[in-house]
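Next come the chains, spelled out residue by residue.
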Amino acid sequence: MIAKHKYFFHFPKCETDTPIVCRLVRDYDLEVNIFRAKVNAEGEGYLLLELTGEEAQIERAKDFICSFGVSVNTVDKGVIRNTDTCTHCGNCLSHCAPHALHLRDSHTRFVDFDESRCVACGQCVANCPMGACSTVF
Amino acid sequence: MKTYAQINDRIAAGKAVVLTAEEMIDYVETHGAQQAADDIDVVTTATFGPMCSSGCFLNFGQTIPKIRITECWLDGVPAYSGLAAVDAYLGATQLRQHDSANLIFPGDFEFGGGHVIEKLVGGESVEMFALSYGTQEYPRREFKTRLTIQDLNQAIMVNPRNCYQNYNVAINCSDHRIYTYLGQLEPHGRNMTYCSAGQLSPLLNDPLYETIGIGTAVWLAGARGHVHAEGTQHCPTCLRTENGVPAEGAGTLGLTANMKHMSRRYVRGCSFKGYGVSLALGVGIPIPILNPTIAQRCAVRDRDIYAQVTDYSSDYPMKTGRTLGSLNYEQLRSGRVDFLGKSVEVSSLSSYSMALEICELLKQEIRDGRFLLSQPLQALPREQSMKACPERR
């Protein structure tokens, strides 16, 4: 069965120069859609991507990636929204193209965040006056 | 007809009938203004949004030996010290010293006066550094310490302009992105932003200042405060619709309250990329339902309140006075409008959700007999306009 999942990978310093993603395509027959990638000043890497392929192949690919000491988060951490800091003004809404940030309730204008739709573009980070959104990218 | 004293007696007895501005809409529609005026004692209104003209007076207490402060910084943000020895005024939009501002455009403006005020209200300590030239009775020339709000003798928020009665809607008709205090505006009118709580907003429920005046008790970020003056740029002679509701800027309020009694949830430093820093504040104002006219005005709906759409790439900075059209708050709050032949996404800088929360909190305080109303000592001006600054040589 063809599946599509989004993952957030954290690469330890020793593995950021290892070409791992190409193996996902070549060895596991997966389509890879990279949203964001970054190597920080300490040499650690972050990668937010979407994998499409056979469910079993995706599972095997995850095991392969974990064998390098890469941590795999199925709960996306590309963007972190601090719900205590958010005031629900809604300024982010028109800047969030995939509508990951959306109104839970159009009457009260309570803003909700659907992580599965987030592509970590960072527009919410730039546009939140309260600094409620942050990203490692 | 009711009086302030009668309403306060009912509040003190725990018998006051209080509705939020939103609840009042349905009540008046169902029962009529006359019945509503008989049944309802108070309507609570509120707003939560950035209010740049805010700040606070602080008294640090004297040092040993004494100092007459001439310059002062709180977490690196300058506070005005041209006052008595250890008094200062910290403004919400003050940048941190050496912030590169818009030198590399657009600047991030991550920290400023509004953030220091939020930290103080939240009980966090801030670094205070002060300088002086030294005098015989105030010999100290330098002082550095860490302070919390509990260390201060006074921390009194005094805001020259809050609660703008209405505000324009920002759009950008140029071919490049612009950064404003109403947020980031995309080119070719691709998005719009507005900043008002609409039907919940205090001065939109009292458009002719019949109950809100100087001396009116207000809920300011959880503290009991009051209107100390007309706000700066108070301009009652504005464009109004048939119901008397302003369709542009109009009235403003000067507000004050003790910061030691405030809650951090409603006092929030904020940053606008390319513009600067500010302070978002929660304000609640109770409106006594003295007669059917006031009851009717408190039933104003978003769809009956209009705001002017202004091009922030040209007309706003050049003060041309030109507007591109008007939209009502029901349209704006829906998140998408048809404007000039295009479907445009709309977002807000004012939190309707927080304004509703404040309306409910104030309603509960009044019902519990913890918040009495005060009759204005003086009405707000109803006949004055706003002048531009003359440029002379």
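Residues numbered from 1 in each chain as written. Chains lettered and ligands numbered in written order. Predicted model: local features only at pLDDT ≥ 70, side-chain atom pairs only at ≥ 80, totals over all residues. Heavy atoms only, no water.

(A) Geometry of the overall build of chain A. When you go through chain A residue by residue, the secondary structure sums to three helices and eight strands. The secondary structure elements of chain A, listed N-terminal to C-terminal, are β-α-β-β-α-β-β-β-β-α-β. Taken along the three principal axes of its C-alpha coordinates, chain A extends 50 × 40 × 20 Å. Within chain A, the fraction of its 137 residues that count as buried is 45%. Contacts in chain A between residues at least 24 apart in sequence constitute 65% of all its contacts with a sequence separation of at least 6. (Helix = DSSP H or I, 4+ residues; strand = E, 2+ residues; numbered from the N terminus. Buried < 20%, exposed > 50% of the residue type's maximum accessible area, 1.4 Å probe, protein only. Contact = heavy atoms within 4.5 Å.)

(B) Molecular detail of the domain arrangement of chain B. All names here are of chain B. Domain boundaries assigned for chain B yield domain 1 (4-48 + 159-367) and domain 2 (55-157). Residue-level contacts link 27 residues of domain 1 with 33 residues of domain 2. Overall, the association of domain 1 and domain 2 removes approximately 2,300 Å² of surface from exposure, summing both partners, and the carbon and sulfur fraction of that is 59%. At the junction of domain 1 with domain 2, the criterion picks out 13 residue pairs in polar contact (both at pLDDT 80 or more). Put simply, the parts of the chain that give the side of domain 1 that touches domain 2 at least two residues each are β9 (154-162), β16 (253-258), β17 (267-272) and β18 (276-288). Class assignment of the residues belonging to the side of domain 1 that touches domain 2 gives a composition of 14 nonpolar, nine polar and four charged. (Domains from an automatic or database assignment. Buried area = accessible area lost by both parts, 1.4 Å probe. Polar contact = N/O pair within 3.5 Å; in protein donor to acceptor, adjacent residues only side chain to side chain. Nonpolar A, V, L, I, M, F, W, Y, C, P; charged D, E, K, R; others polar.)

(C) Representation of the sheet that holds strand β4 (residues 71-74) of chain B within the structure. Residue and element names in this part refer to chain B. Here we have four strands laid out as an open sheet, ordered β5-β4-β7-β8, and antiparallel in their pairing. For this open sheet the edge positions go to β5 (77-79) and β8 (142-147), each flanked by a neighbour on one side alone. If you compare each strand with its neighbour and ignore which way they point, the axes differ by 25 degrees on average. Across the sheet, helix α3 (residues 113-121) touches β4, β5 and β7 (126-131), and the angle it forms with β7 is around 120 degrees. (Pairing = 2+ DSSP bridges. Axes fitted to C-alpha atoms, helices over the stretch in contact; angles between N-to-C directions.)

(D) Structural detail: the packing of aromatic side chains. On inspection of all chains with the given rule, the structure shows 19 aromatic pairs over all chains. With 6.5 Å between their ring centres and 80 degrees between their planes, A:Tyr46 and A:Phe137 make a pair best called edge-to-face. Of this pair, A:Tyr46 sits in strand β3 (residues 45-54) while A:Phe137 sits in the segment after β8 (133-135), and the two are 91 residues apart along the sequence. Grouping aromatic residues by their ring pairs yields a cluster made of B:Tyr164, B:Tyr167, B:Tyr181, B:Phe272, B:Tyr275, B:Tyr312 and B:Tyr316. A cation over a ring is seen here: B:Arg224 above B:Phe371, with NZ or CZ 4.8 Å from the ring centre. Here B:Arg333 stacks its cationic end above the ring of B:Tyr352, 3.8 Å away from the centre of that ring. (Phe/Tyr/Trp six-rings, centres within 6.5 Å; stacked < 30°, edge-to-face > 60°. Lys NZ or Arg CZ within 6 Å of the ring centre and 35° of its normal.)

(E) Inspection of the sheet that holds strand β2 (residues 31-39) of chain A at higher detail. Residues and elements named next belong to chain A. Read from one edge of the open sheet, four strands run β2-β3-β1-β4, paired in antiparallel fashion. Two strands bound the open sheet, and with one partner strand each, they are β2 and β4 (71-73). Shown here is a sheet whose adjacent strand axes are inclined to one another by a mean of 25 degrees, direction ignored. Where strand β1 (residues 2-11) lies against β3, ten bridges are found, and the strand directions are antiparallel. Looking across to β3, one finds that His-10 is bridged to Tyr-46. Contacting β2 and β3, helix α1 (residues 21-28) crosses the sheet at an angle of about 165 degrees to β2. Sheet contacts for helix α2 (residues 55-66): β1, β3 and β4; angle to β3, the most-contacted strand, approximately 155 degrees.

(F) View of the side chain of A:His95. Residues and elements named next belong to chain A. Mapped onto the secondary structure, His-95 falls in the loop between β5 (79-81) and β6 (101-105). Using a relative accessible area of 7% as the deciding quantity, one classes His-95 as buried. Here Asn-127 takes part through its side chain, which lies 3.4 Å from a polar atom of the side chain of His-95.

(G) Main features of the interface of chain B and chain A. Contact with chain B, which involves 26 residues of that partner, is made by 22 residues of chain A. Here chain B meets chain A over a buried area of about 1,900 Å², counting both sides, of which 48% is carbon and sulfur. Across the chain B-chain A interface, the total number found is zero salt bridges. Counting residues per element, the ones that place at least two in the side of chain B that touches chain A are β13 (191-194), β17, β22 (342-348) and α8 (352-367) of chain B. Within the side of chain B that touches chain A, the residues separate by chemical class into nine nonpolar, ten polar and seven charged. (Salt bridge = Lys/Arg side-chain N within 4 Å of Asp/Glu carboxyl O.)

(H) Representation of the nonpolar core in the model. Residue and element names in this part refer to chain B. Among the nonpolar cores identified, the biggest contains 107 residues, and Met-24, Phe-60, Met-259, Met-262 and Ile-289 are the most heavily contacted of them. Residue contributions to this core peak at eight residues, all from α8. Leaving out residues up to four positions away in the same chain, Met-262 has contacts with Val-121, Met-157, Leu-220, Ala-221, Ala-223, Ala-257 and Val-267. Among the nonpolar cores identified, the runner-up in size contains 18 residues, and Ile-171, Val-300, Tyr-329 and Leu-332 belong to it. (Core = buried A, V, L, I, M, F, W, Y, C linked by side-chain atoms within 4.5 Å.)

(I) Structural view of the packing of α1(A) against α2(A). Residue and element names in this part refer to chain A. One way to put it is that α1 packs onto α2 with a least axis distance of 11 Å and a crossing angle of 140 degrees. In this view, α1 runs oblique relative to α2, as classed from their interaxial angle. Handedness of the α1/α2 crossing: right-handed. On α2, the residues that touch Arg-23, Leu-24, Asp-27 and Tyr-28 of α1 are Gln-57, Arg-60, Ala-61, Phe-64 and Ile-65. By residue class, the composition of the contact of α1 with α2 is five nonpolar, one polar and three charged. (Parallel < 35°, antiparallel > 145°, perpendicular 65-115°, else oblique. Left-handed = near helix turned anticlockwise from the far one by under 90°.)

(J) Inspection of α2(A) at higher detail. All names here are of chain A. The end-to-end C-alpha distance of α2 is 17 Å, a good match for the 16 Å that twelve residues give at a rise of 1.5 Å each. All buried positions along α2 are accounted for by Gln-57, Ile-58, Ala-61, Lys-62, Phe-64 and Ile-65. Angular distribution of buried residues about the axis of α2 spans 160 degrees; they occupy a single face of the element. Contacts made by the buried residues of α2 are with β1, α1, β3 and β4. (Expected span 1.5 Å × (residues − 1). Arc of directions from axis to C-beta.)

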